[in-house]
Amino acid sequence: MCMCCGKLLEEDYGITFGYVQKSLRLSSDEIARLRNQDTKNLLRNKKLYLILDLDHTLLNSTPLTHITPEEEHITGRQDAYEGSLFVLEHMHTMTKLRPFVRTFLKKASEIFEMYIYTMGDRSYAHEMAKILDPNREYFDSRVISRDDGTQRNQKGLDVVLGQENCVLILDDTKKAWTKHKDNLILIDRYHFFASSCQQFGLSCKSLSQLEMDESEGGGALATIIGVLKRIHTIFFQELEDELAGRNVTWVLKMLRMEVLEGCKIIFSHVSPPVDYQYLWKTAEQLGVTCVAELDKSVTHVVAMHARTRKSHWAVKENKFLVNPRWIEASFYLWKRQPEESFPVKQEKKPAVRIEG
């Protein structure tokens, strides 16, 4: 029923904003009006919007029944994790907060209006929100779950009451945001529990199995808050356009292009499980010039092993020879990583022939 005139509406009328108020539906005109109004108020207060994913971004959860024998040591040591490990018996779930998350939320709240947006269901989303924001300082009712989305297995800004040009997204999954890739900051996945590694087909041990964790001050969230602050400063202090006409995606793209600016890369026998095309596109996003033919201006050869012709050339010409992880690490850490930390595998087999 229309709140203004009392007219009965069709079931597919407008978009549902159930996370704001139960059964609330808004027309496209009303959504546009609210977005314009909210964005103007936010910009006046020198804030932007930040959409935050939950799982593998801010925290990691696992069913209690999936705890492995190697992880049982954590069940009796909750105190050792300084308030970051939670057992939710009523949900049969254990949740571990990512290191630095509380500091991250506090600092981010000073320059952003924040939303939670998860592919988990509504009850899970609200339980996690209680853990992350027990005093409702950061999110209020802005907790969006898969029950609130308009597309199956997709996230979209159509259910966010903010102008897209002022929105940043922090998530570990690119394919969840197919319509909003330009707004997305990808974060390296947080795999604390073994079930998390298994979920993504990883053969490595989880952090809990290794009895270790991310660094509090040097982990992923500590890196990202620095990036967010830079974006905010540039958006409000360095862009010359009228405030309402500025676009945060321009700033995001510019900062990415600075990470490996000046590098010229050629790939050599990069094959599965490494995605060659993904690496090429990622490198270009970081400001790299990728080429298919060797010449003296090439600065880096990216290879899986050192037996290729291009790898030999890099050694002979005193160029950087790195493995593909160098590009990924620079991407996630927003900084050119030391090339010596990403050596190319030296195979012990005798070199019968030199490959291309």
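Here the structure is a predicted model, which is why all the values come from computation and not from measurement. (Residues numbered from 1 in each chain as written. Predicted model: local features only at pLDDT ≥ 70, side-chain atom pairs only at ≥ 80, totals over all residues. Heavy atoms only, no water.)

**Regarding the overall build of the protein**
The condition that has to hold: Labels follow the DSSP assignment, with helices taken as runs of H or I lasting at least four residues and strands as runs of E lasting at least two, numbered in each case from the N terminus. Residue exposure (1.4 Å probe, protein chains only): buried if accessible area is under 20% of the type maximum, exposed if over 50%, otherwise partly exposed. Contacts are assigned to residue pairs with any non-hydrogen atoms lying within 4.5 Å of each other.
Across its full length, the protein holds 9 helices and 14 strands. Expressed as lengths along the three principal axes of its C-alpha atoms, the size of the protein is roughly 80 × 55 × 35 Å. Expressed as a percentage of its 356 residues, the buried residues of the protein come to 49%. In the protein, the proportion of contacts linking residues at least 24 apart, taken out of those at least 6 apart, comes to 66%.

**What to know about the packing of aromatic side chains**
Quick note on the threshold: Between the rings of Phe, Tyr and Trp (Trp by its six-membered ring), a pair exists once the centres lie within 6.5 Å; its type follows the angle of the planes, with under 30 degrees stacked, over 60 edge-to-face, and the other angles tilted.
Tallied over the full model, the rule gives 12 aromatic pairs. Relative to F193, the ring of F192 has its centre 5.0 Å away and its plane inclined at 85 degrees; by these criteria the two rings are edge-to-face. One aromatic cluster in this structure is built from Y81, Y190, F192 and F193.

**Digging into the sheet that holds strand β10 (residues 184–186)**
Using the following cut-off: Strand pairing requires that DSSP identify at least two bridges connecting the strands.
The strand order across the open sheet formed by 5 strands is β8-β7-β3-β9-β10, and the pairing between neighbours is parallel. The open sheet is flanked by β8 (143–144) and β10, the only strands paired with a single partner. Taken together, the 3 bridges between strand β9 (residues 167–171) and β10 define a ladder with parallel strand orientation. Considered in β10, the bridge of I169 is made with L184.

**A closer look at the side chain of N183**
Under the convention used in this document: Pairing of N or O atoms within 3.5 Å defines a polar contact, subject to two protein rules: one partner must be a possible hydrogen donor and the other a possible acceptor, and residues neighboring in sequence count only if both atoms are side-chain atoms.
With respect to the element layout, N183 can be found in the loop between β9 and β10. A distance of 2.9 Å separates the side chain of N183 from the backbone oxygen of V167, its partner in a polar contact. In this structure, N183 is in contact with L157, E164, V167, L168, I169, T249 and L252, ignoring residues within four places of it in sequence.

**Overview of the pairing of strand β7 (residues 112–117)**
What counts is decided by this rule: Seen with its strands pointing away from the viewer, a crossover is right-handed when the path leading from the first strand over the helix to the second is clockwise.
Summarising burial for β7: 6 of the 6 residues are buried, a large majority. Both faces of β7 are covered, namely the face carrying F112, M114 and I116 and the face carrying E113, Y115 and Y117. Pairing geometry for strand β3 (residues 48–52) and β7, over 5 bridges, is parallel. The partner of Y49 across the bridge, within β7, is E113. Where β7 lies against β8, 2 bridges are found, and the strand directions are parallel. Within β8, the position partnered with Y117 by the bridge is I144. With helix α3 (residues 122–132) bridging β7 and the parallel β8, this β-α-β connection has right-handed handedness.

**Some remarks on the packing of helix α5 (residues 220–237) against helix α6 (residues 248–259)**
Selection rule: Helix axes are fitted only over the stretch in contact, all axes being lines through C-alpha atoms; the angle between N-to-C directions runs from 0 to 180 degrees. Roughly parallel here means an angle under 35 degrees, roughly antiparallel means over 145, roughly perpendicular means 65 to 115, and every remaining angle is called oblique. Here a crossing is taken to be left-handed if its near helix is turned anticlockwise relative to the far helix by less than a right angle, and right-handed if that turn runs clockwise. Only Asp, Glu, Lys and Arg are considered charged in this grouping, and only Ala, Val, Leu, Ile, Met, Phe, Trp, Tyr, Cys and Pro are considered nonpolar; every other residue, Gly among them, is considered polar.
Packing of α5 against α6 leaves a shortest axis separation of 10 Å and a crossing angle of 125 degrees. Comparing their axes, α6 and α5 come out oblique. Remark: the crossing between α5 and α6 carries right-handed chirality. Of the residues in α6, those in contact with V227, R230, I231, I234 and F235 of α5 are V248, V251, L252, M254, L255 and E258. Tallied by class, the residues present in the contact of α5 with α6 amount to 9 nonpolar, no polar and 2 charged.

**Overview of the environment of R25**
Looking at where R25 falls in the secondary structure, it is placed in strand β2 (residues 25–26). In sequence terms R25 and S330 are 305 residues apart; their C-alpha atoms lie 43 Å from each other.

**Remarks on the environment of G14**
Inspection of the secondary structure assignment puts G14 in the segment before β1 (15–16). Given the relative accessible area of 35%, G14 is considered partly exposed. As for G14 and E30, which are separated by 16 residues in sequence, their C-alpha atoms are 9.3 Å apart. Residue contacts for G14: discarding those within four places in its chain leaves R25, L26 and S27.

**Focus on the environment of D147**
The topology assignment puts D147 in the loop between β8 and β9. As for D147 and L64, which are separated by 83 residues in sequence, their C-alpha atoms are 24 Å apart. Those residues within four positions of D147 in sequence are excluded, and the remaining contacts are D121 and R122. A distance of 2.8 Å separates the side chain of D147 from the backbone nitrogen of R122, its partner in a polar contact.

**A few points about the sheet that holds strand β5 (residues 85–88)**
The strands that make up a sheet are held in pairs by hydrogen bonds between backbone atoms, and each pair lies either parallel or antiparallel. Taken together, 3 strands build an open sheet; the order of strands is β4-β6-β5 and the sheet is antiparallel. On the outer flanks of this sheet lie β4 (59–63) and β5, each paired with one strand and no other. The average undirected angle you get between the axes of adjacent strands in this sheet is 15 degrees.

**Topic: helix α7 (residues 276–285)**
Each α-helix turn comprises 3.6 residues. Residues three or four places apart therefore point the same way. Put simply, the rule reads: Taken from the helix axis, the directions to the C-beta atoms give the arc we talk about.
L279, T282 and A283 are the residues of α7 that are buried. With its buried residues spanning 100 degrees around the axis, α7 presents them on a single face. Away from its buried face by more than 90 degrees, α7 exposes Q277 and K281. Summarising the contacts, the buried residues of α7 are in contact with β11 (264–268), β12 (289–291) and α9 (325–333). For α7, the side-chain oxygen to backbone nitrogen distance between the N-cap and Q277 is 3.2 Å, and the N-cap itself is D275. One or two residues past the end of α7 sits G287, with phi positive at roughly 95 degrees.

Take it as geometry only, folks, not as evidence of what the structure does.
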